[in-house]
Amino acid sequence: MFCFSTSINKRNLIYGVFDSEVNLMSAVEEVREKGMEVFDCYTPFPVHHLDTAMGISRTRLSIAAFLCGLTGFCLGLLLQFYMMVFDWPMNIGGKPSDYHMLPSMVPVVFECTILCTAFGLAFLFFFRNKLGHGVRPDILDLRQTDDHLLIAFDADTLDLNAKNELVVILNKNKVLSTHEYVGQYAVNHGGVHA
Amino acid sequence: MSVVDAAIRPPLITGGKTYADVTADICRPLENKPSRLWWIGFSISFFCLMILAASLFWTVWTGIGVWNINKSVMWGWDITNFVFWVGIGHAGTLISAILLLFRQKWRMSINRSAEAMTIFAVMCAAIFPMFHMGRIWVGAYWVFPLPNAFGSLWVNFNSPLLWDVFAISTYFSVSLVFWYLGMIPDIATIRDRATTKARKFWYNFFSMGWTGSVRTWARYEVVSLILAGISTPLVLSVHTIVSMDFATSIVPGWHTTIFPPYFVAGAIFSGFGMVLTLLLVARKVLNYENYITIGHLEAMAKVIMLTGTMVGLAYITEFFIAWYSGYEYEQFAFQNRAFGPYWWAYWTMMGCNLLAPQVFWFKWARTTPWFLFMLSIVVNVGMWFERFVIIVTSLHRDYLTSSWVMYEGSFIEVSIFIGTFGLFFTCFFLFCRFLPVINMAEVKGILKNRE
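Keep in mind that what you see is a predicted model, and the values were worked out from it rather than measured.

Reading the values: the criteria
Residues numbered from 1 in each chain as written. Chains lettered and ligands numbered in written order. Predicted model: local features only at pLDDT ≥ 70, side-chain atom pairs only at ≥ 80, totals over all residues. Heavy atoms only, no water. Helix = DSSP H or I, 4+ residues; strand = E, 2+ residues; numbered from the N terminus. Rg over C-alpha atoms; globule rule 2.2 N^0.38 Å. Buried < 20%, exposed > 50% of the residue type's maximum accessible area, 1.4 Å probe, protein only. Areas by Shrake-Rupley, 256 points an atom, 1.4 Å probe, with all protein chains shown as cover. Contact = heavy atoms within 4.5 Å. Buried area = accessible area lost by both parts, 1.4 Å probe. Salt bridge = Lys/Arg side-chain N within 4 Å of Asp/Glu carboxyl O. Polar contact = N/O pair within 3.5 Å; in protein donor to acceptor, adjacent residues only side chain to side chain. Nonpolar A, V, L, I, M, F, W, Y, C, P; charged D, E, K, R; others polar. Pairing = 2+ DSSP bridges. Phe/Tyr/Trp six-rings, centres within 6.5 Å; stacked < 30°, edge-to-face > 60°. Lys NZ or Arg CZ within 6 Å of the ring centre and 35° of its normal. Domains from an automatic or database assignment. Axes fitted to C-alpha atoms, helices over the stretch in contact; angles between N-to-C directions. Disulfide = S-S within 2.5 Å. Parallel < 35°, antiparallel > 145°, perpendicular 65-115°, else oblique. Left-handed = near helix turned anticlockwise from the far one by under 90°. Expected span 1.5 Å × (residues − 1). pLDDT = per-residue confidence, 0-100.

So, the overall build of chain A
When helices and strands are counted, chain A shows five helices and four strands. The order of helices and strands in chain A, counted from the N terminus, is β-α-β-α-α-α-β-α-β. On C-alpha atoms alone, chain A measures out to a radius of gyration of 25 Å, which is more than a quarter above the 16 Å that the 2.2 N^0.38 rule sets for 194 residues. Expressed along its principal axes, the backbone C-alpha trace of chain A runs to roughly 80 × 35 × 30 Å. For chain A, buried positions account for 48% of its 194 residues. When the accessible area of chain A is evaluated, it comes to approximately 9900 Å², of which 62% is carbon and sulfur surface.

Some thoughts on unusual backbone geometry
The backbone phi angle of A:Lys130 is positive, close to 55°, even though this residue is not glycine. Tracing the chain through its elements places A:Lys130 in the loop between helix 4 (102-128) and strand 3 (149-154).

With respect to the interface of chain B and chain A
On the side of chain A, 70 residues touch chain B, which itself brings 59 residues to the contact. Between chain B and chain A the total buried area reaches about 6000 Å² when both faces are included, carbon and sulfur atoms providing 68% of it. The largest contributions to the chain B side of the interface with chain A come from B:Met208, B:Arg215 and B:Arg219, which together make up 14% of the buried area. Where chain B packs against chain A, one counts one salt bridge. Put simply, B:Arg215 and A:Asp40 hold a salt bridge, and the shortest N to O gap is 3.6 Å. On inspection of chain B and its partner chain A, the count reaches 21 residue pairs in polar contact (both at pLDDT 80 or more). Sorting the residues of the side of chain B that touches chain A by element identifies helix 1 (19-31), helix 6 (160-193), helix 7 (197-207), helix 8 (214-247) and helix 16 (440-445) of chain B as the ones contributing at least two each. Counting residues per element, the side of chain B that touches chain A draws most heavily on helix 8 of chain B, which supplies 17 residues. A class-by-class count of the residues in the side of chain B that touches chain A yields 34 nonpolar, 16 polar and nine charged.

Observations regarding the pairing of strand 1 (residues 12-18) of chain A
All names here are of chain A. Of all seven residues in strand 1, seven are buried; the element is thus mostly enclosed. The alternating pattern of strand 1 places Asn12, Ile14, Gly16 and Phe18 on one face and Leu13, Tyr15 and Val17 on the opposite face, and all of these are buried. With six bridges joining them, strand 1 and strand 4 (residues 177-182) adopt antiparallel strand pairing. Note that in strand 4 the partner of Asn12 across the bridge is Val182.

Things to note about the pattern of salt bridges
Residue and element names in this part refer to chain B. Scanning the entire structure with this criterion turns up 16 salt bridges over all chains. For the salt bridge of Lys17 with Asp25, the shortest nitrogen-to-oxygen distance reads 2.9 Å. A salt bridge links Arg112 to Asp186; its shortest N-O distance comes to 3.2 Å. Taken together, the residues span a long stretch of sequence, with Arg112 in helix 4 (residues 111-132) and Asp186 in helix 6 at a distance of 74 residues. When sorted by exposure, Arg112 lands in the same class as Asp186, which is buried. Three or more residues are tied together by salt bridges with common partners; here these are Lys17, Asp25 and Arg28.

Overview of the packing of aromatic side chains
Residues and elements named next belong to chain B. For the structure on display, the rule yields 65 aromatic pairs over all chains. Ring plane angle 80° and centroid distance 4.9 Å describe the contact between Trp210 and Trp217, whose orientation is recorded as edge-to-face. Each member of the pair Trp210 and Trp217 is classed as buried. Here the aromatic residues Trp77, Phe84, Trp85, Tyr342, Trp344, Trp384, Phe385, Phe388, Phe417, Phe421, Phe424 and Phe425 are joined through ring pairs into a cluster of three or more. Here Arg337 stacks its cationic end above the ring of Phe334, 4.6 Å away from the centre of that ring. Over the aromatic face of Phe434 sits the side chain of Arg433, whose NZ or CZ is 5.9 Å from the ring centroid.

Digging into the environment of A:Phe153
Residue and element names in this part refer to chain A. Here Phe153 lies in strand 3. Classification of Phe153 as buried rests on a relative accessible area of 0%. Separated by 142 residues in sequence, Phe153 and Arg11 have C-alpha atoms that sit 9.9 Å apart. When near neighbours in sequence (up to four residues on either side) are disregarded, Phe153 contacts Asn12, Leu13, Ile14, Val31, Glu37, Val38, Phe39, Leu158, Leu166 and Leu170.

What about the domain arrangement of chain A?
Assigned domains within chain A: domain 1 (12-59 + 135-182) and domain 2 (61-128). For domain 1 of chain A and domain 2 of chain A, the distance between their C-alpha centres works out to 45 Å.

Let's talk about the sheet that holds strand 3 of chain A
Residue and element names in this part refer to chain A. Strand order in the open sheet formed by four strands is 2-3-1-4, and the pairing between neighbours is antiparallel. On the outer flanks of this sheet lie strand 2 (40-42) and strand 4, each paired with one strand and no other. The sheet shows a mean angle of 25° between the axes of neighbouring strands, taken without regard to direction. Bridge analysis of strand 1 against strand 3 gives six bridges, and the strand direction is antiparallel.

Some remarks on the state of the cysteines
Between two cysteines, a covalent bond joining their sulfur atoms is known as a disulfide. Residues and elements named next belong to chain B. Counted according to the given criterion, the structure contains zero disulfides over all chains. This cysteine, Cys124, is not joined by any disulfide, and Cys427 carries the nearest cysteine sulfur, 7.0 Å off. Judged by its relative accessible area of 0%, Cys124 falls in the buried class. With a relative accessible area of 17%, Cys427 lands in the buried category.

Topic: the packing of helix 4 of chain B against helix 15 (residues 411-434) of chain B
All names here are of chain B. As a packed pair, helix 4 and helix 15 sit with axes 10 Å apart at the nearest point and diverge in direction by 150°. With respect to each other, helix 4 and helix 15 are oriented roughly antiparallel. In the crossing of helix 4 with helix 15, the sense of the turn from one axis to the other is right-handed. Between helix 4 and helix 15, the contacting residues are Arg112, Ser113, Ala116, Met117, Phe120, Ala121, Met123, Cys124, Ile127 and Phe128 on the first element and Ile416, Phe417, Thr420, Leu423, Phe424, Cys427, Phe428 and Phe431 on the second.

Considering helix 8 of chain B
When the terminal C-alpha atoms of helix 8 of chain B are compared, their 49 Å separation across 34 residues agrees well with the 50 Å that a helix rising 1.5 Å per residue should span. In terms of burial, helix 8 of chain B is largely enclosed, as 28 of its 34 residues are buried.

As for the confidence of the model for chain A
Residue and element names in this part refer to chain A. When pLDDT is averaged along chain A, the result is 84, and 91% of the positions lie at 70 or above. At the low end of the mean pLDDT range in chain A sits strand 4, at 83; at the high end sits helix 4, at 93. When the criterion is pLDDT under 50, residues 1-5 qualifies, and its contacts beyond four places in sequence or with other chains add up to 19 contacts. Low pLDDT (under 50) marks residues 190-194, which in the prediction has eight contacts with non-local residues, meaning those over four places away or in another chain.

So, in structure tokens, the structure goes:
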């Protein structure tokens, strides 16, 4: 599933507020059993296995990290081969300036690999999550970064029946409150979408 | 839940805290006016920072002749301090990366401050080799792979000193990325609590639009794990390469294959010493006793004891190998270390690093804060002397008897060292003032002992 972080802009959402990750988790599981899609959850701390419960596939950032590392590895080798072997082979204390110096290239190649992996991965992480300096945060509840755990549903995908069912499930799992959210420019269907 | 903690295991966070308590407790120092203690500490540190600025200015203005290093002892306080600070930095990465890989959850209340310490310590360390080059304004051509003005004469990749440049700069930048990435969720928490315009703007800017969406968290955890995975060999490589600065030379006392593991153990030892020094003060001043508990202190004391014993073993092994090698210059270097004119430095090192940590076999010593504080200072002193012993006693009496000299740090060298403490603590005080010292998001995740 290829999905960027989903923006709440231009959307009609229904969201429930929880104060415990155990209740949130069982709500997600029950909702999924009924065949409804969870739009997103917002938690102040990582809740393990919530992503798999929601049906989100594993990120491919680890593959990207390997590719970044490989790039760094090649760049490190290229850098040293170009400078020490091709461009200006230095004779310092009779030490070799050809492929024989491969062992002494190891540390710099290693550092280049790590450097490229870390920076490549960090930038890809920001890009993938649409995080950036000055990005306006899509906050539904000011305490979603403090002690509230949110579960959000796209209201446009739910009919009246499903909505009623949803409220039952949320209440059963001790939801603190349920709210409707009408995003900027979103059409308000009056809470019902046939 | 697939995470199962034994019911008999004591909780990592005490005081029966709720999620809201964690946020409130950890944000309190950043949201209120700084205390009088903070101002006193900050002023002293800032004064020392000014000493650093003045003495570095004097060094550059006059030349490094203002240091007492000479033809025989060409590395003195400068490289001693460099290795000392780099070593201190290692505990941060050890705590956040290696303990993450080992799933040690007690790391979560101390990893943020330890990583901050890493970054500030590496900044202090970098000062010394840079200014030791003398003409610092042309230093870029000597350390970075840039072509010089006369054609493309590049840096020498056969030299461990150049490997060190790559290692230290990679270490600094990767640690910074790891630290910042881990802090984004907490900055978002502060952003959503901010009341003033300036706070809203800056915390919004640095939180990068974080919402705590599950997709983001899932990726965040994968990224943290990978960064921890690559930081672990990185931190080992850094001090290995620092030790190669010595081990690849032919100076008796330096030319030993035991150096890399011995230096890495020493780095962890000294780093944990400094983490203890800082956190013992911080938990008291910032009222974090429920987050940095006696259990945390005890765990760190155990690491100190283990690594202290490892460096002790290395000291004794070095001595044994010097005798066993049958190489008279090596034998002389070690006799001279222990019984020569710098005997006091050698035995200070032995006492502080090998003997002193052995008190941690007793539970009382591991769990009494004031005693731990004293011991952490002893460890810091001992590790400074270790580097001094390795560097100065090996150089001051080398092969050529006519070049034998004695060396002591000049006024400027000592003030630069004191000044780096100013830099370190100024940064740390600012960090305590503006950023969350404890990782709120992670601590919230371990609040409840799940069954």
